[in-house]
Amino acid sequence: MVDGGVYMSLRVQNKLAVVTGGGRGVGRAIAERLVAEGAKVIITDINAAAGKSTATAIGATFFRQDVSLQADWLALRQHLEKLDQGLDILINNAAILRSADPLTETLAGWQALMRVNAESVFLGVNTLLAMMAASGGGSIVNMSSSSALMGMPQFTAYAAAKAAVRSLTMSTAVYCKQAGNGVRCNSVHPDGINTDMVREIAGVMQPLAREAAMRSVPFLCEPQAVANVLLFLASDDSLHVNGAAICVDNTATIHPPYI
Ligand SMILES: NC(=O)c1ccc[n+]([C@@H]2O[C@H](COP(=O)([O-])OP(=O)(O)OC[C@H]3O[C@@H](n4cnc5c(N)ncnc54)[C@H](O)[C@@H]3O)[C@@H](O)[C@H]2O)c1
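Read on for a plain summary of the structure. (Residues numbered from 1 in each chain as written. Predicted model: local features only at pLDDT ≥ 70, side-chain atom pairs only at ≥ 80, totals over all residues. Heavy atoms only, no water.)

With that settled, consider the overall build of the chain. For the chain, the helix and strand inventory stands at eight helices and nine strands. Against the globule reference of 18 Å for 259 residues, the chain gives a C-alpha radius of gyration of 18 Å, in line with a compact fold. Projected onto the principal axes, the alpha-carbon positions of the chain cover approximately 55 × 45 × 40 Å. Considering the chain as a whole, with its 259 residues, one finds that 50% of them fall into the buried category. In the chain, 72% of the contacts between residues at least 6 apart in sequence involve partners at least 24 apart. Accessible surface, the chain as shown: approximately 12,200 Å² in total, 57% of it carbon and sulfur. Distance between charge centres in the chain, computed from 19 positive and 20 negative side chains, equals 2 Å. (Helix = DSSP H or I, 4+ residues; strand = E, 2+ residues; numbered from the N terminus. Rg over C-alpha atoms; globule rule 2.2 N^0.38 Å. Buried < 20%, exposed > 50% of the residue type's maximum accessible area, 1.4 Å probe, protein only. Contact = heavy atoms within 4.5 Å. Areas by Shrake-Rupley, 256 points an atom, 1.4 Å probe, with all protein chains shown as cover. Lys, Arg positive; Asp, Glu negative; His and termini not counted. Charge placed at Lys NZ, Arg CZ, Asp CG, Glu CD.)

Okay, the site of the ligand next. What surrounds the ligand is a group of 27 residues, the closest being Asp 45, Asn 93, Tyr 158, Ile 193 and Thr 195. Residue Val 67 places a main-chain N or O atom 2.9 Å away from a nitrogen atom belonging to the ligand. Between the ligand and the protein, one listed contact pairs an oxygen atom with a side-chain N or O atom of Tyr 158 at 2.5 Å. Compared with its free state, where it exposes 830 Å², the ligand has 93% of that area covered by protein. Residue assignment for the shell around the ligand shows that the elements contributing at least two residues are helix H1 (25-36), helix H5 (156-179) and helix H6 (196-202). (Near = heavy atom within 4 Å. Polar contact = N/O pair within 3.5 Å; in protein donor to acceptor, adjacent residues only side chain to side chain.)

Time to look at the sheet that holds strand S5 (residues 61-64). Read across the sheet, seven strands follow the order S5-S4-S3-S6-S7-S8-S9 without closing on themselves; strand pairing throughout is parallel. Of all the strands in the sheet, just S5 and strand S9 (245-248) have a single pairing partner and so form its edges. When the angles between neighbouring strand axes are averaged without regard to direction, this sheet yields 20°. In the sheet, strand S3 (residues 16-20) pairs with strand S4 (residues 40-45) via five bridges, with the strands oriented parallel. Opposite Ala 17, over in S4, you have Val 41 as the bridge partner. (Pairing = 2+ DSSP bridges. Axes fitted to C-alpha atoms, helices over the stretch in contact; angles between N-to-C directions.)

Take the nonpolar core next. By size, the foremost hydrophobic cluster in this structure holds 29 residues, and its most contacted members are Ile 30, Leu 34, Val 41, Ile 91, Val 188, Val 226 and Leu 230. Elements that contribute at least two residues to this core include exactly S3, H1, S4, helix H2 (48-58), strand S6 (89-92), strand S7 (138-143) and helix H8 (223-234). Residue contributions to this core peak at six residues, all from H8. Beyond its immediate stretch of four places on either side in the chain, Val 188 contacts Val 141, Asn 142, Met 143, Ser 144, Ser 145, Val 226, Leu 230, Leu 233, Ile 246 and Val 248. Within the second largest apolar cluster, 23 residues are counted, among which are Leu 16, Leu 129, Ala 173 and Cys 176. (Core = buried A, V, L, I, M, F, W, Y, C linked by side-chain atoms within 4.5 Å.)

Taken as a whole, this structure holds eight salt bridges when the rule is applied. Two residues, Arg 24 and Asp 196, come together in a salt bridge whose shortest N-O distance is 3.7 Å. Here the residue Arg 24 occupies a position in the loop between S3 and H1, and Asp 196 occupies one in helix H6, the gap between them amounting to 172 residues. Take Arg 24: its relative accessible area is 40%, and that puts it in the partly exposed class. Owing to a relative accessible area of 31%, Asp 196 belongs among the partly exposed residues under this scheme. (Salt bridge = Lys/Arg side-chain N within 4 Å of Asp/Glu carboxyl O.)

Another point: the packing of helix H4 (residues 107-134) against H5. One way to put it is that H4 packs onto H5 with a least axis distance of 8 Å and a crossing angle of 15°. Relative to H5, H4 is oriented roughly parallel. Seen from above, H4 lies across H5 with right-handed handedness. Of H5, the residues touching H4 (which contributes Trp 110, Leu 113, Met 114, Asn 117, Ala 118, Val 121, Phe 122, Val 125 and Leu 129) are Thr 156, Ala 157, Tyr 158, Ala 160, Ala 161, Lys 162, Ala 164, Val 165, Leu 168, Thr 172, Tyr 175 and Cys 176. Taken together, the residues of the contact of H4 with H5 sort by class into 17 nonpolar, three polar and one charged. (Parallel < 35°, antiparallel > 145°, perpendicular 65-115°, else oblique. Left-handed = near helix turned anticlockwise from the far one by under 90°. Nonpolar A, V, L, I, M, F, W, Y, C, P; charged D, E, K, R; others polar.)

Take a look at the structure:
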């Protein structure tokens, strides 16, 4: 739309978006970007204090949710049904990070991480896809990681969960295409991002693993760089991009810069 010679089009104008784990980090950055581009954004987070203050700061609303619990996804769907605006964009972003190799990882640790990082994305798709299809289609963006595409022994469970997210993304995309329901589903694969997740894990890693991880620090990108790519995938600019694995890693998955 051109108004007085100025190009006015916002990229996600009037779309309704849910961003999980939007209280801080990349989730906050994408939520902020979506609001700036005209979307109505609902941030969810397990951390109510962070979620509320971020929502207030950026002009979004907050819904408390533990993404690993089906009951919380069903409650979110009820909330969306009450709003009665369908759902256009789902950003499955919330996750946790653990450092353990194949021998030091425990079954309990593996299962906890799978629940938060992989089952959550299944629950998001499973609970909200029909609503997105019914409102004419939309875009699901799943936050995966470069670790889904490489061997990463110091993050064994995390990498496996992110690989599950990649696989679920492909199955969802093909399902949607075959159903002709207008929903797209893509995964994003960043390498290191400059967020609290990285800073916090550095403090609890074993010395050797920490040393290896610290070599990646000079190559971290800012959350906004990832948010820009998420915005593209969320918007109709990427209308023919479906099932893709988009690396935001400055070559890290084809040649780790710290080796
Ligand atoms: N930081 C990196 O280097 C990096 C690299 C690749 C991919 N990623 C992915 O990007 C996404 C965002 O990472 P980040 O660095 O911003 O992390 P972060 O830890 O800074 O933020 C994660 C947010 O998710 C929330 N969260 C955690 N568990 C939750 C749960 N069970 N239910 C709801 N919310 C929950 C946290 O409270 C927090 O607000 C994650 O999927 C992460 O795996 C991060």
